[in-house]
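# A structural walkthrough
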Amino acid sequence: MNTTRLLLKNKKLLTLIIGLLSFLFSVVLFVLLVNINISKIEIRSASKFHNYNIYKLTDNLIGEREIEFFKDVKNYDILNNFNNDVFKNNKVVFYHAVLQPIGLKEYPPDKKFSAYYESDFNNIYEHEGAFYQITKSMQVTKSVFDYNVVELIEGQYFDDSAYVYEAGRKEIPVILGSDYRPYYKLHDQLEVHHYFEKFIGRVVGFAKENSFIFTNNEPQQVLNRYILLPSMSLSEQPSELLQKTEVNEVFFRALLLSKMGGILMTNLNALEVRKEIGEIEKVTNFTDYQIIGANSLAVDLLYKMIETNQTLIVTISGVVFIFILCAFYLFVKSFIKRQFDTYLVFIMSGVTNHKIKKTIQLEFSILNGISIGLALLCTVLFMQDTTILSILIIAGFIVWLVFNIVVYLLVNNLLATTNIIEKLKGD
Amino acid sequence: MINFISLVNIVKTYKEKTILTNINLEVAANQFISIKGPSGVGKSTLLNILAGLERADSGQYIMDGIEMHKQHLNELSNIRGSGIGYISQYNPMIRNLTVRENILAPLLLGKYDKKQSTAYSDELSVDLKIDHLLDKKIEKLSGGERQRVGVIRALIKKPTLLIADEPTGSLDDDTTRLVFNLFKRLCGNETTIVMATHSYLSSQYVDQEYWMSSGGILLDAKLVSTK
């Protein structure tokens, strides 16, 4: 150890440069791995949509036409039947992730959760003597979790019953974005206003930081500040539910109409999908709808961009790796050559050639170990991503091994080709 | 008198060229001997074999009762580390370290009493008149000063055998005398010294001188001069 310390101390600048190269190599590799991991998640998400034709379902019930339509309670049932049949159709996947703020009582003090905090809009309103905040929220169907990679830090996803509204239901499970973690914990109960109805929102899970989903408006909507609610269908016809409950008809109307903003993911072409929905139209007698081309282009573009980015990052990293590895080789070679006199002193004092080799290898394995460890620490601290920590540790070990092999080859080559005895004679 | 060193028919060949031809040499304990001869006749090779840095192709080498010719290079290194001091012609130094650190460098390889060793290095530095340079960086020293550092470094472990290859090559006569005086004194103190030198002053200090002629034949220098 004494000799190792002496050798490192003796060539401080070279030691520093070699340590720095090892550090840089590791940082680039770790950042690359973290990026590949992120890209993989993005590609995995986008690829699920990439294979489908995407269409958007929309209704023509606007203004007076809407009022007229909902005057007859039977029309609630017609629209409900249409929604249910579309949902059940096995040739299309009904995907619904709609941004729809909810009212939240006893809301967190941080304004970033309010729906319109970016503007001057007043997000606070009073209802029955209590104050509510209009809060960012999203209603999602089960297919949203099937087609996106939404991991939970804790808790669980919505169970099947969460997606069904039954008469008298007063509790809705909610999944909160990661930014809510300081304010709520699992099983907490939130008082919410959902389509003008009061519900208890029971916290069943927290989404992992920077989880995102594909929505009707955004190809990658980050969930950190959102409250996720299940997009509910009705257990009975709305006409019956209206009779059984005291729930305002506006709630059912909003629930039914919000479904009309859903997405149809299918392998059918535009003509075929219109024909398929046309069959449902005939059965249910609901005609006030349209099918329009949706975000296929955006998803395709996103998919291609991620792929291109990944290729670019891998290529640049590859060039950097080769450059650093060459520099590492040259600096270590220079280090060993400049230390030759030191090795001679040790050989004269009773050290074997073999021990000199071992000492050089030890000094570099310690130096590289420290550099790679620091690089790992910096990557974890700056990227704030520990999801692939075990992979980073394995990668760090491999880098350490590669550098040790380079040093081993160099040491054996240099000490084998230099005649120590001739050197001592001054030849 | 018991021989400390005994060489019998030592042969060494490099690339099919015989450097040493049947060398026979006997050195008693605490003797100071010198080997002279033209450059390239094999003096350094003989000293390297004596120091255990390389092995002879054939012949016997016994040092202090140890059959050195039967030892592996690793074992020879251990023996060198524990009891042989070596001054090489090249005289390598560890850059960026002070003179004192260079002198104490061989002690890093094992446990040692730092205080005692420092005191001993100071004492030898006074003998060779480099005590005022101990805290200077080695790069600041002249060739002659560095040579004296090399001498002290070889002696720091108090070896029983000192092998010195041209230890005064860069020194003036006065300083050469200092070195030889020190060697003479050490011989009376349990150290055997084998030295290769061109210095004409050595004859006044050594117990015996040898002459190595071309072809690696070792002769008694007194007999050579008589001829």
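Turning our eyes to something else, we now look at the overall build of chain B. When you go through chain B residue by residue, the secondary structure sums to seven helices and ten strands. The buried share of chain B, reckoned over its 227 residues, is 45%. Within chain B, contacts between residues separated by at least 24 positions form 70% of all contacts whose residues are at least 6 apart in sequence.

What follows covers the overall build of chain A. Counting its secondary structure elements, chain A contains 13 helices and 18 strands. Counting every position in chain A, which comprises 427 residues, the buried fraction comes to 34%. The long-range fraction of contacts in chain A, counting pairs at least 24 apart against all pairs at least 6 apart in sequence, stands at 83%.

Moving on, we come to helix H7 (residues 249–259) of chain A. All names here are of chain A. All of the buried residues along H7 are Phe252, Leu255, Leu256 and Lys259. On an axial view of H7, the arc spanned by its buried residues comes to 90 degrees, and they lie on one face. Looking at the buried side of H7, the elements it contacts are helix H4 (73–88) and helix H6 (238–244).

Residue and element names in this part refer to chain A. One can describe the packing of H4 onto helix H8 (residues 270–284) by two numbers: an axis separation of 9 Å at closest approach and a directional angle of 145 degrees. Crossing angle aside, the handedness with which H4 passes H8 is right-handed. Contacts between H4 and H8 involve Ile78, Asn81, Phe82, Asp85 and Val86 from the former and Ile277, Ile280, Val283 and Thr284 from the latter.

In this section: the interface of chain B and chain A. Between chain B and chain A, the contact holds 25 residues from the first and 20 residues from the second. Secondary structure elements with two or more residues in the side of chain B that touches chain A: helix H1 (43–51) and helix H2 (73–83) of chain B. The biggest single contributor to the side of chain B that touches chain A is H2 of chain B, with seven residues. Per-class residue counts for the side of chain B that touches chain A are twelve nonpolar, ten polar and three charged.

Our next topic: the sheet that holds strand E5 (residues 66–67) of chain B. Read from one edge to the other, the open sheet built from four strands follows the order E2-E1-E4-E5 (chain B), with strand pairing classed as antiparallel. Two strands bound the open sheet, and with one partner strand each, they are strand E2 (17–28) and E5 of chain B.

Before going further, it helps to spend a moment on the nonpolar core. Among the nonpolar cores identified, the biggest contains 94 residues, and Val332 of chain A together with Leu50, Ile163, Phe183, Ile193 and Val194 of chain B are the most heavily contacted of them. Here the element with the most residues in this core is helix H2 (residues 12–50) of chain A; it accounts for eight residues.

The subject of this paragraph is unusual backbone geometry. Backbone geometry at Asn285 of chain A places phi at a positive 70 degrees, although glycine is not the residue there. Along the chain, the position of Asn285 of chain A falls in the loop between H8 and strand E18 (289–293). Notably, Asn91 of chain B is not glycine yet its phi reads approximately 55 degrees, a positive angle. Here Asn91 of chain B shows up in the loop between strand E6 (84–87) and helix H3 (99–104).

This part covers H1 of chain B. Residue and element names in this part refer to chain B. Of all nine residues in H1, nine are buried, a share of seventy percent or more. Listed as buried for H1 are Lys43, Ser44, Thr45, Leu46, Leu47, Asn48, Ile49, Leu50 and Ala51. One or two steps after H1, the chain reaches Gly52, where phi turns positive at roughly 80 degrees.

For the rest of this paragraph, the subject is the environment of Pro101 of chain A. All names here are of chain A. Assignment of secondary structure puts Pro101 in the loop between strand E3 (97–99) and strand E4 (102–105). Residue classification places Pro101 among the partly exposed positions, given that 19 C-beta atoms sit within 10 Å. Pro101 sits 36 residues away from Ser137 along the chain, and the two C-alpha atoms are 4.7 Å apart. In contact with Pro101, not counting residues within four places along its chain, are Ala115, Ile134, Thr135, Lys136 and Ser137.

The next point concerns the packing of H4 of chain A against H7 of chain A. Residue and element names in this part refer to chain A. At a minimum axis separation of 10 Å, H4 and H7 run at an interaxial angle of 35 degrees. In the packing of H4 onto H7, the handedness of the crossing is left-handed. Residue-level contacts link Tyr76, Leu79, Asn80 and Asn83 of H4 to Phe252, Leu256 and Lys259 of H7. Residue composition of the contact of H4 with H7, by class: four nonpolar, two polar and one charged.

Quick look at the sheet that holds E18 of chain A now. All names here are of chain A. Within the open sheet, the four strands sit side by side as E2-E17-E1-E18. Their pairing is antiparallel. Edge positions in the sheet fall to strand E2 (92–95) and E18, since each of these pairs with one other strand and no more. Taking each pair of neighbouring strands and ignoring which way they run, the sheet shows an average axis angle of 30 degrees. Against the sheet, H8 makes contact with strand E1 (53–59), E2, strand E17 (263–266) and E18, and its axis sits at roughly 160 degrees relative to E18, the strand it touches most.

Taken as a whole, chain B shows an average pLDDT of 89; of its residues, 95% reach a score of 70 or greater. The complex prediction reports pTM at 0.62, with the ipTM value standing at 0.90.

What follows concerns the environment of Arg80 of chain B. Topologically, Arg80 of chain B is positioned in helix H2. Judged by C-beta crowding, with 23 C-beta atoms within 10 Å, Arg80 of chain B ranks as buried. Sequence separation of Arg80 of chain B and Pro159 of chain B is 79 residues, and the distance between their C-alpha atoms is 8.9 Å. Those residues in contact with Arg80 of chain B that lie beyond four places of it in its chain are Gly350 of chain A together with Ala51, Gly52 and Tyr86 of chain B.

Thresholds, definitions, all that
- Residues numbered from 1 in each chain as written.
- Chains lettered and ligands numbered in written order.
- Predicted model: local features only at pLDDT ≥ 70, side-chain atom pairs only at ≥ 80, totals over all residues.
- Helix = DSSP H or I, 4+ residues; strand = E, 2+ residues; numbered from the N terminus.
- Buried ≥ 20, exposed ≤ 12 C-beta atoms within 10 Å, placed from the backbone.
- Contact = placed C-beta atoms within 7 Å.
- Arc of directions from axis to C-beta.
- Axes fitted to C-alpha atoms, helices over the stretch in contact; angles between N-to-C directions.
- Left-handed = near helix turned anticlockwise from the far one by under 90°.
- Nonpolar A, V, L, I, M, F, W, Y, C, P; charged D, E, K, R; others polar.
- Pairing = 2+ DSSP bridges.
- Core = buried A, V, L, I, M, F, W, Y, C linked by C-beta atoms within 7 Å.
- pLDDT = per-residue confidence, 0-100.

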